[in-house]
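Examination of the molecular architecture
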Amino acid sequence: MRWCFSGDLEVSLASDRETALACLRREEPEVVTLDLGLPPDPGGATEGFRLLEDILQLAPMTKVIVVTGREDKENAVKAIGMGASDFYQKPLDADILTFVVNRAFRLAELERDNRELALQRNGTNIKGIVAASPQMLSICRTLEKVAPTDVTTLITGETGTGKELLARALHDLSHRGEKPFAAINCAAIPENLLESELFGFEKGSFTGATQSKKGKIESANGGTLFLDEIGDMPLALQAKLLRFLQERVIDRVGSVKPVSVDVRVVCATHQDVQELIKQGTFREDLYYRISEITLDVPALRDREGDALVVAQSLLQSLGKQMDRPNLAFTEDAIKAIKGHPWPGNVREMINKVKRAIIMADGKRVTAADLQLSCDEEGPESQLNLRQVRENAERAAILQALQSCGFNMAQASRLLGITRPTLYNLTDKYRIKASPESSSA
Ligand SMILES: Nc1ncnc2c1ncn2[C@@H]1O[C@H](COP(=O)(O)OP(=O)(O)OP(=O)(O)O)[C@@H](O)[C@H]1O
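Residues numbered from 1 in each chain as written. Predicted model: local features only at pLDDT ≥ 70, side-chain atom pairs only at ≥ 80, totals over all residues. Heavy atoms only, no water.

So, on to the side chain of Arg264. Secondary-structure assignment places Arg264 in strand β9 (residues 264–269). Setting aside its immediate chain neighbours within four residues, Arg264 contacts Val146, Ala147, Thr149, Asp150, Val151, Thr153, Leu170, Ser174, Arg176, Gly223, Thr224 and Leu225. (Helix = DSSP H or I, 4+ residues; strand = E, 2+ residues; numbered from the N terminus. Contact = heavy atoms within 4.5 Å.)

Per the UniProt record, the feature "modified residue: 4-aspartylphosphate" (unreviewed entry) sits at Asp35. Position of Asp35 among the secondary structure elements: in strand β1 (residues 31–35). When sequence neighbours within four positions are dropped, the list of residues in contact with Asp35 reads Val67 and Lys90. Only 3.1 Å separates the side chain of Asp35 from the backbone nitrogen of Gly37, close enough to count as a polar contact. (UniProt positions renumbered as here; feature names shortened; annotations may be inferred. Polar contact = N/O pair within 3.5 Å; in protein donor to acceptor, adjacent residues only side chain to side chain.)

By size, the foremost hydrophobic cluster in this structure holds 30 residues, and its most contacted members are Ile217, Leu227, Ile230, Phe244 and Phe282. Secondary structure elements with two or more residues in this core: β5 (181–185), α7 (191–199), β6 (224–228), α9 (235–247), β9, α10 (273–279) and α11 (284–290). At five residues, α9 tops the list of elements feeding residues into this core. Once residues within four sequence positions are removed from consideration, Leu227 is found in contact with Ile184, Cys186, Leu198, Leu241, Val265, Val266, Cys267 and Ala268. (Core = buried A, V, L, I, M, F, W, Y, C linked by side-chain atoms within 4.5 Å. Buried < 20%, exposed > 50% of the residue type's maximum accessible area, 1.4 Å probe, protein only.)

Here the focus is the domain arrangement of the protein chain. Domain assignment breaks the protein chain into domain 1 (2–121), domain 2 (134–298), domain 3 (303–364) and domain 4 (376–440). A straight line from the C-alpha centre of domain 2 to that of domain 4 covers 50 Å. (Domains from an automatic or database assignment.)

Attention now goes to the site of the ligand. Close to the ligand lie 16 residues, the nearest being Val130, Thr159, Gly160, Lys163 and Arg347. One of the backbone nitrogen or oxygen atoms of Glu164 is found 3.0 Å away from an oxygen atom of the ligand. If the ligand stood free it would expose 630 Å²; the protein chains cover 82% of that surface. Those elements that place two or more of their residues in the shell around the ligand are α6 (163–172) and α14 (345–359). The class makeup of the residues in the shell around the ligand is five nonpolar, five polar and six charged. (Near = heavy atom within 4 Å. Areas by Shrake-Rupley, 256 points an atom, 1.4 Å probe, with all protein chains shown as cover. Nonpolar A, V, L, I, M, F, W, Y, C, P; charged D, E, K, R; others polar.)

The subject of this paragraph is the layout of surface pockets. If a probe the size of a water molecule is rolled over the atoms, the empty space left behind becomes visible. Estimated volume of the second largest pocket: approximately 810 Å³. Taken together, 29 residues line the second largest pocket, and the ones lying closest to its centre are Val11, Ser12, Val31, Val32 and Thr33. Sorting the residues of the lining of the second largest pocket by element identifies α1 (17–27), β1, α2 (46–58) and α4 (94–121) as the ones contributing at least two each. With five residues, β1 is the largest single contributor of residues to the lining of the second largest pocket. For the lining of the second largest pocket, the per-class residue count stands at 20 nonpolar, two polar and seven charged. (1 Å grid on protein atoms, 1.4 Å probe; cavity = no way out; pocket = protein on both sides within 12 Å on 5 of 7 lines; lining within 4 Å. Points joined across faces, edges and corners; volume = space filled by probe spheres on them.)

Right, let's talk about the packing of aromatic side chains for a bit. Each pair of aromatic rings is reported with the distance of its centres and the angle of its planes. A full pass over the atoms with the stated rule returns two aromatic pairs. Centroid distance Phe181 to Phe226: 6.1 Å. Interplanar angle 25 degrees. Geometry classified as stacked. Placement of the pair is Phe181 in strand β5 and Phe226 in strand β6, with a sequence separation of 45 residues. The ring of Phe49 is capped by Lys78, whose NZ or CZ atom sits 4.2 Å from the centre of that ring. Note that Arg248 overlies the ring of Phe244, its terminal NZ or CZ placed 5.5 Å from the centroid. (Phe/Tyr/Trp six-rings, centres within 6.5 Å; stacked < 30°, edge-to-face > 60°. Lys NZ or Arg CZ within 6 Å of the ring centre and 35° of its normal.)

Okay, the packing of helix α5 (residues 134–146) against α6 next. The contact between α5 and α6 brings their axes to 9 Å, and the two run at 35 degrees. Viewed along their axes, α5 and α6 form a crossing whose handedness is right-handed. Contacts from Ile139, Leu143 and Val146 of α5 reach α6 at Leu166, Ala169 and Leu170. Class assignment of the residues belonging to the contact of α5 with α6 gives a composition of six nonpolar, no polar and no charged. (Axes fitted to C-alpha atoms, helices over the stretch in contact; angles between N-to-C directions. Left-handed = near helix turned anticlockwise from the far one by under 90°.)

Written as structure tokens, this is what we have:
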């Protein structure tokens, strides 16, 4: 078949399944032509289908063109159903086969461009929010509907899920977008200062109040007030906030002259407000006031496919900012990103990606650079020896270090290597020589 193709194509030949898989692992071809009639079943298609399945499992982006007999429509259709990109019926015609193969290369190129574009384009139109999962896209659609209204919105979700980002998006997409966005974290300010921070104070109203000062509510006039960690607001202040939400006027501390303020209020919390109400630390009437609309932001681990999309986007944007553009994740990094539960959500991911950008050798970012561990896989499901070797080497070093309490001299004896070699390897795999970071 080699004679069919012009000299500018690199062609490798394999006559059975094992040789073909070895070739796939070694050459990583973009396009494969596969005759389904392979030994030990040259007259049938069982071995050919097995190989098709293996190729698509190991390297799913490969374009496989299945070559079938003249009347063999059934197998051609089955192969396409399994994921082959095209089929070609014998007898061989060099021009037609070249045409089909070139079309497969073009398709592979288009898919590559598409993947890159999809990464840049993102699934939402909301600035700063990267998402592709149905869960987040649905939140974004609700947000786009709610933004132009003035309804008070409560955003709930674990820490680092993007509650503040969504609050800003609500503001930016509203008619208040050009006006101020004032944020206050109710958990970060001591109880005795929170009232004056929110409502402002008059000169002389307490020791140290040498001048009058506007509070956050007043300074957000015309715009949006974001009350982060509303679940931590003291009960006394909850009553004042409720009055403001009902009457839209505030009294500065030390003043008896109410000031009317026009703000849209958005609140957020990582706590279960219903539980706080049961415990008596949050007013039920305030809860109903602040939750005219509630956005429950799912944890990153519960958003299908988002972890990788957000990580890729962060690698691009932070890589550019940190003067290390065009970095890419290795297979083990991708697997680790997908498998990690991300308890700190996107904030945790930002920290890990920043670290990895600093630590990565060359253009490839590994799971170790991200300080993530990936579960060991059998060599069958890994693309080539380099990947298997690195995973195994890293696991053996970690095991040796752990078994001798991170004593480098003992671990190097156990592994049968010199101490300098062990140091080089722990550097390479970013294994810290201390028990706390033993899973690094
Ligand atoms: N979907 C996303 N796409 C891109 N960046 C995101 C996304 N979600 C969150 N981030 C980023 O993650 C970081 C944490 O987000 P944010 O502060 O909005 O979370 P939060 O839920 O308000 O956290 P906390 O409850 O701890 O205040 C920010 O830098 C934010 O820009």
